[in-house]
Amino acid sequence: MDQPKQFIITPETCVDDMLNGVQATYPGLSVDIKSRVIFHAQEPPKSNRRVGLLSGGGSGHEPFAAGYVGEGMLTAAVAGSVFSSPPASHILTAVCNVAAVSPGGVLVILNNYTGDILNFGLAVERAKAKGYNVNSLIIDEDCAIDKPEGAGKRGLCGCLFVVKIAGGMSLMGKTLEDISSECTQVKKHIVTLGVTVKACNMPGLGLMFHIEDGFMEIGVGIHGEAGALKHQMLSANKIVELILEKLCKTLTVKEGDEVCTIVNNLGGSSQLELFLVAGLVCAQLKTRGVQVVRQYVGTLMTSLDMAGIQVSLLLLRAGDRLWLDCLDAPTSAFAWPGNSLTLQTTCRREIVKNFEADTEIEGPMISSEEAVKLKQCLEAVAEALKSNEHRLNELDKGCGDGDTGSTLKRMADAILQDIDNIPARSPQSCFLRLSKLAEEVMGGTSGALYSLMFVGAAAHVPQWSAAWQGALDMAMTYSNARLGSRTMFDALIPACEVFRDITTRGGDWREALRKAIEAADEGCSKTQFYKPLFGRATYVDASNIRSMDAGAYGVTVWLKAIKTELL
């Protein structure tokens, strides 16, 4: 089996190396590598009622638990090896240190996993034997299996609700008994369900299990294990629908209820996917008549690099603000995602749109016949770009992001959809309209360049030679790309020069267009031998660049479409 590519030194030292990084990044935390205890180094509070909080477990769940150590959350955390519970002796070290700064006692919060139950339980009993005031609370909010046998339900990222509420109550000066009792109720109001599309890689070992193409696993935990069942892959909205159906049924969430949610990245999903899912969670709960009053989104409790998400619901009690007040309480813990921006507000200023007025009809007018021909050229260009989408994308692979064809196709689709609204009798207004379409639908560098060229051309149409030069001048005002840079300018510049020279000497524009396309073809062909100086290709190994530039080829495509329509 191929070894996974990971940023580690050795599998045996990766946890200690990680903890060294935590200490280097957050000097306000005390980290003992030998016992793997992360401690919030604070002076004992003047109040003799402050309760300290401790949690932890195996590593591989980062930022849990070290990321939740800080004022207003955990007083300390203790880490084991990857997916393995820390030994009771290390946990006892953590308990004793927490007790030293917590006159009100210590609450140990742990997820329901056999190793953690045994080792934390042993440490708690030893601490009690030493005279420490210690309670423990086991979180088991997983709803993947309705009635699990033996070990019971697992503890997942929903435990963060408990940690934050317990931390808030500690700040309020609540007693250990009060916090323990209240958090016992909190955990009964939480459910969590996870889905994954790719298993995690154990340091030095590789994938924990394999998921077949076209399938996903539902009901995954946080220790690299497979899900409770396999399911055919669904779109994101359908996945969220499936998750929420299970969560709401398990917790008996009904119309009119208020909830808080956690949308957790299991480690290997992108932030784009994460916030997309978060939006769907809110929207679908709203459709159910359920109000999301707080939503916490982030990489909060992971299963190494597993590509997946977990969603947790906390069902709030009607008319009781205690849990919300605790969730909103300040904390210095670096991984907690709640802040002033996650609070509901009535004073948010909405974004003002449409600062630019719609394009007005302006500039020289052309005849109705010429306007028809202009629209026909635009349609021909659009169809040609659409038919060359795959070829353009293939040319862009290896040295770019493989989307030149898709980008130009978006512009083509926009032209065809908007063709009846394009004011072709006013070429200036027409090109300004095209400029706006390019910036809106193409995006990125290509969208900006084409938009600039349309603006530059608009100042000179219907003097087409001057318009072409104006387009180039405008684009090159903001881009340093020139001939030999392996860009679309390698086709545009020689074509423009040929067209301008022939028409300036009084030559036939038809012949000028033919010669211009020949020059564009030649310039495009040369790009396969050029070293890229701009764009993503600049950073790519030269061995990956074996073909002509996609942007330059795109220029030849639309020039030839115009020629076919006009000649």
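Residues numbered from 1 in each chain as written. Predicted model: local features only at pLDDT ≥ 70, side-chain atom pairs only at ≥ 80, totals over all residues. Heavy atoms only, no water.

This part takes up the sheet that holds strand S10 (residues 215–218). Strand order in the open sheet formed by six strands is S11-S10-S7-S14-S12-S13, with mixed pairing between adjacent strands. Pairing within the sheet leaves two strands with one partner each, and these edge strands are strand S11 (229–232) and strand S13 (291–298). Each neighbouring strand pair of the sheet contributes to a mean axis angle of 20°, computed without reference to strand direction. As paired strands, strand S12 (residues 258–265) and strand S14 (residues 307–315) are joined by seven bridges and run antiparallel to one another. (Pairing = 2+ DSSP bridges. Helix = DSSP H or I, 4+ residues; strand = E, 2+ residues; numbered from the N terminus. Axes fitted to C-alpha atoms, helices over the stretch in contact; angles between N-to-C directions.)

The subject of this paragraph is the pattern of salt bridges. The final tally for this structure, using the stated rule, is 25 salt bridges. Between Glu-394 and Lys-397 there is a salt bridge, with its nearest N and O atoms 3.0 Å apart. Taking the relative accessible area as the measure of exposure, Glu-394 reaches 36% and is therefore partly exposed. Measuring nitrogen to oxygen at the nearest pair gives 2.7 Å for the salt bridge that ties Asp-418 to Arg-433. Residue Asp-418 is located in helix H11 (residues 404–418), and its partner Arg-433 is located in helix H12 (residues 427–441); the two are separated by 15 residues in the primary sequence. A residue is classified by how much of its surface remains accessible, and Arg-433, at 26% relative accessible area, is partly exposed. (Salt bridge = Lys/Arg side-chain N within 4 Å of Asp/Glu carboxyl O. Buried < 20%, exposed > 50% of the residue type's maximum accessible area, 1.4 Å probe, protein only.)

Looking now at the packing of helix H4 (residues 159–171) against helix H5 (residues 176–188). Taken N-terminus to C-terminus, the directions of H4 and H5 make an angle of 150°; their axes are 10 Å apart at the nearest point. Here H4 lies roughly antiparallel to H5, going by the angle between them. Judged by the twist between their axes, the crossing of H4 over H5 is right-handed. Contacts between H4 and H5 pair Val-162, Ile-165, Ala-166, Met-169 and Ser-170 from the former with Asp-178, Ile-179, Glu-182, Cys-183, Val-186 and Lys-187 from the latter. For the contact of H4 with H5, the per-class residue count stands at seven nonpolar, one polar and three charged. (Parallel < 35°, antiparallel > 145°, perpendicular 65-115°, else oblique. Left-handed = near helix turned anticlockwise from the far one by under 90°. Contact = heavy atoms within 4.5 Å. Nonpolar A, V, L, I, M, F, W, Y, C, P; charged D, E, K, R; others polar.)

The domains assigned to the chain are domain 1 (13–342) and domain 2 (368–566). Distance between the C-alpha centres of domain 1 and domain 2: 53 Å. (Domains from an automatic or database assignment.)

For the rest of this paragraph, the subject is the packing of aromatic side chains. The way to describe two aromatic rings as a pair is by their centre distance and the angle between their planes. What the rule picks out here adds up to seven aromatic pairs. Centroid distance Tyr-26 to Phe-334: 4.0 Å. Interplanar angle 10°. Geometry classified as stacked. In this pair, Tyr-26 is assigned in the loop between helix H1 (14–25) and strand S1 (29–32) and Phe-334 in the loop between helix H8 (322–328) and helix H9 (368–387), connecting sequence segments 308 residues apart. Through a chain of ring-to-ring contacts, three or more aromatic side chains come together here, namely Phe-161, Tyr-296 and Trp-336. (Phe/Tyr/Trp six-rings, centres within 6.5 Å; stacked < 30°, edge-to-face > 60°.)

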